[in-house]
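# Remarks on the overall topology
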Amino acid sequence: MYDFDFIRPASVEDAVAALATDPEAIAFSGGQTLMPAMKQRLASPSAVVSLTGIAALKGLRDEGGRLWIGAATTHAQVAREAADSYPALASLAGRIGDPSVRARGTIGGSLANNDPSACYPAAVLGSGATVVTDRREIAADDFFEGMFTTALEEGEIVTAVIFPRPARARYEKFRQPASRFPLTAAFVAQFDDGVRVAITGASEGGVFRWTEAERALTGNFAPESLDDIAPPDAEGMISDLHGSGAYRAHLVKVMTRRAVANA
Amino acid sequence: MPKDGGIGSSPKRREDIRFLTGTGRYSDDINLHGQAYAHFVRSDVAHGRILSIGTEAAMAMPGVIRVFTARDFEGAGGIPCGWQITSRDGSVMQEPKHPILAEGKVRHVGDPIAVVVAETLAQARDAGEALEIEIEDLPAVIDMRSALAEDAPLVHEDLSSNLCYDWGFVEENREATDRAIREAAHVTTLELVNNRLVANPMEPRVAVGDYAAHSDESTLYTTSQNPHVIRLLMGAFVLNIPEHKLRVVAPDVGGGFGAKIFHYAEEAFCTFAAKALRRPVKWTSSRSEAFMSDAHGRDHVTRIELALDADNNFTALRTETLANMGAYLSTFAPSIPTWLHGTLMAGNYRTPLVYVNVKAVFTNTVPVDAYRGAGRPEATFQLERVIDKAARELGVDPIALRRQNFITEFPYQTPVAVQYDTGDYHATMDKLLEISDHAGFEDRAADSRARGKLRGFGISHYIEACGIAPSNLVGQLGARAGLYESATVRVNATGGLVVMTGSHSHGQGHETTFAQVISDMIGIDADMVEIVHGDTARTPMGMGTYGSRSIAVGGSAMVRAAEKVIAKAKKIAAHLMEAADSDIELADGRFTVAGTDKSVAWGDVTLAAYVPHNYPLEDIEPGLEETAFYDPANFTFPSGAYGCEVELDPDTGEVTVLGFTAADDFGNVINPMIVEGQVHGGLAQGIGQALMENCAYDENGQLISASYMDYAMPRAADLPMFRVDHSCVTPCTHNPLGVKGCGEAGAIGSPPALVNAVLDALHRGGHRVDHIDMPLTPARVWTAMQG
Ligand SMILES: Cc1cc2nc3c(=O)[nH]c(=O)nc-3n(C[C@H](O)[C@H](O)[C@H](O)COP(=O)(O)OP(=O)(O)OC[C@H]3O[C@@H](n4cnc5c(N)ncnc54)[C@H](O)[C@@H]3O)c2cc1C
């Protein structure tokens, strides 16, 4: 690790101000992505602006039938407290990493980072959730812009995510054997006005919606509805030590089917 | 019934109290007054010419004490290799220099180029980044076949090629083997890869060098499985320090698995730098460094052919292996694919002709050396895979085919030099089928089918050779060291005693097991016995722990030393009771005169030895301390039957290990609980190799599985509850305890059983897949299923 300053503001305004005054400063939430990068000297912020001291960024609450989750809420808390209000989301959160990762890692950090193999982006895109920041609201469809890239501007902080609550939903994750992140995972959610299917882990473009499957499932929310649909094109899928693009494309269909079957 | 705490009972491991309460003392716990920190700057390219190393800016950084490069080691030797192999044409292997820090060229990612020593580790790392190192990239050789091509770039330009040696074994068998294969009724051929592994002990390597100016003595604290070997290699061959001025301490060591046998550059560096700087110098490996500087394991590419006659008797076996040495020869590297691999190629079977050819190859990768099992897993894997394939081709039961060809008479002279002393392979096979409920398998397979899954059962029957010996033989085979073991038994005046063993425990539980043996021999409480290991200043010259040799060789040395102690104690007892030596018996800690009620306690005799007022001083010396060096007459040959039951998800290719059964013959067992623990650990590593572990390089020599994000380690949840049994016992015929060794068995026998099980599942599902190379990841299995 290189030397850095540690700033722990108590309000979003102070955090935004701290980030604005120093272009080398960086937001720091659970640290589960940032800390390993800093320890390996791959990240060298002049200052880290911790978000975990800001009460307004934490917790879960009902907002007119939608589920509001503060950006600095840990995976463990979501796993516990969304179990009734949004079971598919709670189940996803409860399968991220291991207990120590879940005790520190946060939803805001996961979304801002937008790892192509992260779990939460699938839930946010698959639910059509809204990402709230210190300055605006961003629809999920506009938030994710490709591997490790989001619509966030320099110094912009995610403050919350608001999830509409589907009738049925399910997250199915096929683990990469080493990291146990998703090798490919599918989040499926059925709403009154249609079905959304979001896939993570598979594409070089990061999380994406599998629209053919959405159309078929909107007609009939059953695994068989996918029988006649080809998996997405293997071109553009991630190909690495753990699986080819063709394998990932195949898994997209298998995981989506399972998510529908278990929703 | 075994005596409470004695041989055959399972007292809890006494060392676990300190390990589990955080009071163990590992090398990294050692912090010396005035200690400085070393940071190794390593190559990030696989092959390159070092044009320049600018140290000025780094030297000016805060806290920097000194920057070392190869130039500082001009007087020092290279890191020696402990084994020399002779090629088929009679020439000795090509043996390049292995410098402490890269000289002129870097030859693998992780090759150390320079070392910064500073007041703190952070300062050393900062200064490391300020070094100005200019490297001209050279084309890397990674794949072994391309490394042997005519025009391949040379890893070492002073060698004629990238071929280290071309070994034939037994060369006299070659023509007859070729002929038998030509004339066979059936020949089964298989090409396979034994995947490269990283040992990944929980504790990374550490070296702390210290120098005492007043006595001119150097001390090295290091994470080693064999401190005496390090002292000899480093003192005599690298740094030119005589043994009496060099002490090597390997305190608590958190796992070795082979990777901590070898002498490493960092050890020599810290010892050297401590003297040069007159300050203790410490290096602690990071996990990332461990991936690119600990010796790797396995990495063989093999073609094997098994010939059978019309009655399915094995008639000949021929194998051709390319063995990766990496960029330099690590301490034991040349011996692994040869003497620890070729000699086991007969397996448990009566195959009259066996011929093994091994070409060892230099590549721009981390050096490869022994990893749990070392050579024997590679031999077992090929053999047990090709037998399964032959059974399938011939349409016979793989268990019956094995049984038909089992060796049943002992001693058995194999065609590959070694002679098995005992064994009963049918017994272990019977035991396996019984405890794995093999009879119920078809019902379980039907249940899996009903759930859309494929179930398979796979078997392997391994033989291992432990306690490699005797020294005069291994000397002829190219070993540059002896392979005996030593022990001193020092009895104290009040009857407690200390055993100083040349073996080393890094998780195996010697402190418990060795004490059990002594406790049994004398009839005293095990608490009266202290086992000391891991310090050249306290133990006699010994060879350390690897190759499942500790109880078979080190335990035997201890028994011999204890026998000498007891013989002398009997003389003292005879004197005290005014009887003849030959009439004295020792049991339950008392000496009695046979046929009388006259007795003296153990403690009375030991006191007399040190307070010799009433003592036969004219016949024997006072004191009670004896040393023995034990050089075994032969290897020991544990064997066993392993069975694996898997369920395969045809949608994803994912394999779940539902059951794993091990029926081993380890000869006599000292502590069954510890033996089971050793088998469990070995199985976890073998299943890890077969299912998920894979050390991978890209074509440019970048290590792409360089962290746990990409190198898959098995976890408890990936493993079933193991069923292990060691009730089949044919005691070793040539060591005093009748023991064979159990440390590596699990890792040797398990990979082929698992792969055979997956292929069985696939065939049951109608997928005609002949072979899948390890690890059998979901992606690989699925891809194989696509045809
Ligand atoms: C061993 C291990 C296993 C894991 N397994 C999984 C897994 O299975 N699935 C999975 O999805 N993830 C996994 N993760 C990642 C984990 O979920 C992280 O917690 C998550 O990716 C980042 O969240 P964080 O709060 O720790 O963010 P941090 O590490 O603190 O920050 C990450 C990035 O986001 C930025 N940032 C953080 N908060 C905000 C904010 N509110 N607004 C704007 N920018 C912000 C930071 O500046 C930084 O660039 C794993 C991590 C580890 C260490």
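Predicted model only: the values in this text are computed from it and were never measured.

### Here we look at the side chain of Ser330(B)
Tracing the chain through its elements places Ser330(B) in the loop between strand S16 (314-326) and strand S17 (353-362). Beyond its immediate stretch of four places on either side in the chain, Ser330(B) contacts Cys81(B), Phe262(B), Ala295(B), Pro367(B), Val368(B) and Asp369(B).

### Description of the interface of chain B and chain A
At the junction of the two partners, chain B supplies 25 residues and chain A supplies 22 residues. Interface area, chain B with chain A, both sides summed: about 1,800 Å², of which 53% is carbon and sulfur. At the junction of chain B with chain A, the criterion picks out 5 salt bridges. Note that Asp651(B) and Arg258(A) form a salt bridge whose closest N and O atoms lie 3.2 Å from each other.

### What about the site of the ligand?
All names here are of chain A. With respect to spatial proximity, 29 residues lie near the ligand, and among them Ala-27, Gly-31, Gln-32, Thr-106 and Cys-119 are the closest. In this structure, Gly-30 approaches the ligand through a main-chain N or O atom, which is 2.8 Å from an oxygen atom. Separating an oxygen atom of the ligand from a backbone N or O atom of Gly-97 is a distance of 3.2 Å. Protein chains shield 88% of the accessible area of the ligand, which is 960 Å² for the free molecule. Sorting the residues of the shell around the ligand by element identifies strand S2 (25-28) and helix H6 (107-113) as the ones contributing at least two each. The biggest single contributor to the shell around the ligand is H6, with 4 residues. Split by residue class, the shell around the ligand holds 14 nonpolar, 12 polar and 3 charged.

### Side note on the pairing of strand S8 (residues 158-163) of chain A
Residue and element names in this part refer to chain A. The buried fraction of S8 amounts to 6 of the 6 residues, a majority that puts the element mostly inside the structure. Pairing geometry for strand S6 (residues 130-133) and S8, over 4 bridges, is antiparallel. Directly across from Val-132, in S8, lies its bridge partner Ala-160.

### Describing the UniProt feature "domain: FAD-binding PCMH-type" (unreviewed entry) in chain A
When the UniProt feature table is mapped onto this chain numbering, "domain: FAD-binding PCMH-type" (unreviewed entry) sits at residues 1-168 of chain A. In residues 1-168 of chain A, the share of helix is 33% and the share of strand is 20%. The end C-alpha atoms are 45 Å apart.

### Some words on the sheet that holds strand S20 (residues 454-463) of chain B
All names here are of chain B. If you walk across this open sheet you meet the 4 strands as S20-S28-S29-S30, and the pairing is mixed. Only two strands of the sheet have a single partner each, and these edge strands are S20 and strand S30 (722-725). Across the sheet, the axes of successive neighbouring strands diverge by a mean angle of 15 degrees, strand direction being ignored. Looking at chain direction, strand S29 (residues 654-665) and S30 are connected through 4 bridges and run parallel. In the strand pairing of S30, Thr-661 is matched with Arg-723.

### Observations concerning the domain arrangement of chain B
All names here are of chain B. Domain parsing of chain B yields domain 1 (27-138 + 205-284), domain 2 (300-468 + 634-785) and domain 3 (484-630). Distance from the C-alpha centre of domain 1 to the C-alpha centre of domain 3: 40 Å. Sorting the residues of domain 1 by area buried against domain 3 places Gln-225, His-228 and Arg-247 first, and these three jointly supply 43% of that buried surface. The interface formed by domain 1 and domain 3 holds 1 salt bridge in total. Residue Arg-247 pairs with Asp-535 through a salt bridge whose shortest N-O separation is 2.7 Å. Secondary-structure elements contributing two or more residues to the side of domain 1 that touches domain 3 are helix H6 (227-239) and strand S12 (246-249). With 5 residues, the single largest contributor to the side of domain 1 that touches domain 3 is H6. Classifying every residue of the side of domain 1 that touches domain 3 by side-chain character gives 10 nonpolar, 6 polar and 2 charged.

### As for the environment of Gly475(B)
Structurally, the position occupied by Gly475(B) is in helix H13 (residues 471-476). Between the alpha carbons of Gly475(B) and Trp83(B) there is a distance of 9.1 Å; along the sequence they are 392 residues apart.

### Quick notes on a negative patch on the surface
Residues and elements named next belong to chain B. Together, Asp-581, Asp-583, Glu-585, Glu-618 and Asp-619 make up a region of like negative charge exposed at the surface. As for its placement among the helices and strands, Asp-581 is situated in the loop between helix H15 (550-576) and strand S24 (584-587). You can call Asp-581 partly exposed: its relative accessible area is 38%.

### With respect to the pattern of salt bridges
Evaluation of the coordinates by the stated rule reveals 61 salt bridges over all chains. Salt bridges here are not isolated pairs; linked through shared partners, they connect Asp437(B), Arg444(B), Asp447(B), Arg451(B), Arg455(B), Glu645(B) and Glu647(B).

### Quick notes on the packing of aromatic side chains
Each aromatic ring pair is characterised by the separation of its centres together with the angle its planes make. Residue and element names in this part refer to chain A. For the structure shown, the criterion picks out 31 aromatic pairs over all chains. Here the aromatic rings of Tyr-86 and Phe-163 are separated by 5.9 Å at their centres, their planes lie at 80 degrees, and the arrangement is edge-to-face. Residue Tyr-86 is found in the loop between helix H3 (75-81) and helix H4 (87-93), and its partner Phe-163 is found in strand S8; the two are separated by 77 residues along the sequence. The exposure class of Tyr-86 is buried, given its relative accessible area of 2%. The class for Phe-163 is buried, based on a relative accessible area of 0%.

### Topic: the side chain of Glu172(A)
Residue and element names in this part refer to chain A. With respect to the helices, strands and loops of the structure, Glu-172 is situated in strand S9 (residues 168-175). Given the relative accessible area of 10%, Glu-172 is considered buried. Among the polar contacts made by the side chain of Glu-172, one reaches the side chain of Asn-262 at a distance of 2.9 Å. Filtering out sequence-adjacent residues up to four positions away, Glu-172 remains in contact with Arg-95, Thr-184, Ala-185, Ala-186, Met-255, Arg-258, Ala-259 and Asn-262.

Cut-offs and rules
Residues numbered from 1 in each chain as written. Chains lettered and ligands numbered in written order. Predicted model: local features only at pLDDT ≥ 70, side-chain atom pairs only at ≥ 80, totals over all residues. Heavy atoms only, no water. Helix = DSSP H or I, 4+ residues; strand = E, 2+ residues; numbered from the N terminus. Contact = heavy atoms within 4.5 Å. Buried area = accessible area lost by both parts, 1.4 Å probe. Salt bridge = Lys/Arg side-chain N within 4 Å of Asp/Glu carboxyl O. Near = heavy atom within 4 Å. Polar contact = N/O pair within 3.5 Å; in protein donor to acceptor, adjacent residues only side chain to side chain. Areas by Shrake-Rupley, 256 points an atom, 1.4 Å probe, with all protein chains shown as cover. Nonpolar A, V, L, I, M, F, W, Y, C, P; charged D, E, K, R; others polar. Buried < 20%, exposed > 50% of the residue type's maximum accessible area, 1.4 Å probe, protein only. Pairing = 2+ DSSP bridges. UniProt positions renumbered as here; feature names shortened; annotations may be inferred. Axes fitted to C-alpha atoms, helices over the stretch in contact; angles between N-to-C directions. Domains from an automatic or database assignment. Patch = residues over 30% accessible without salt bridge, like charges linked within 9 Å, V, L, I, M, F, W, Y side chains within 5 Å. Lys, Arg positive; Asp, Glu negative; His and termini not counted. Charge placed at Lys NZ, Arg CZ, Asp CG, Glu CD. Phe/Tyr/Trp six-rings, centres within 6.5 Å; stacked < 30°, edge-to-face > 60°.

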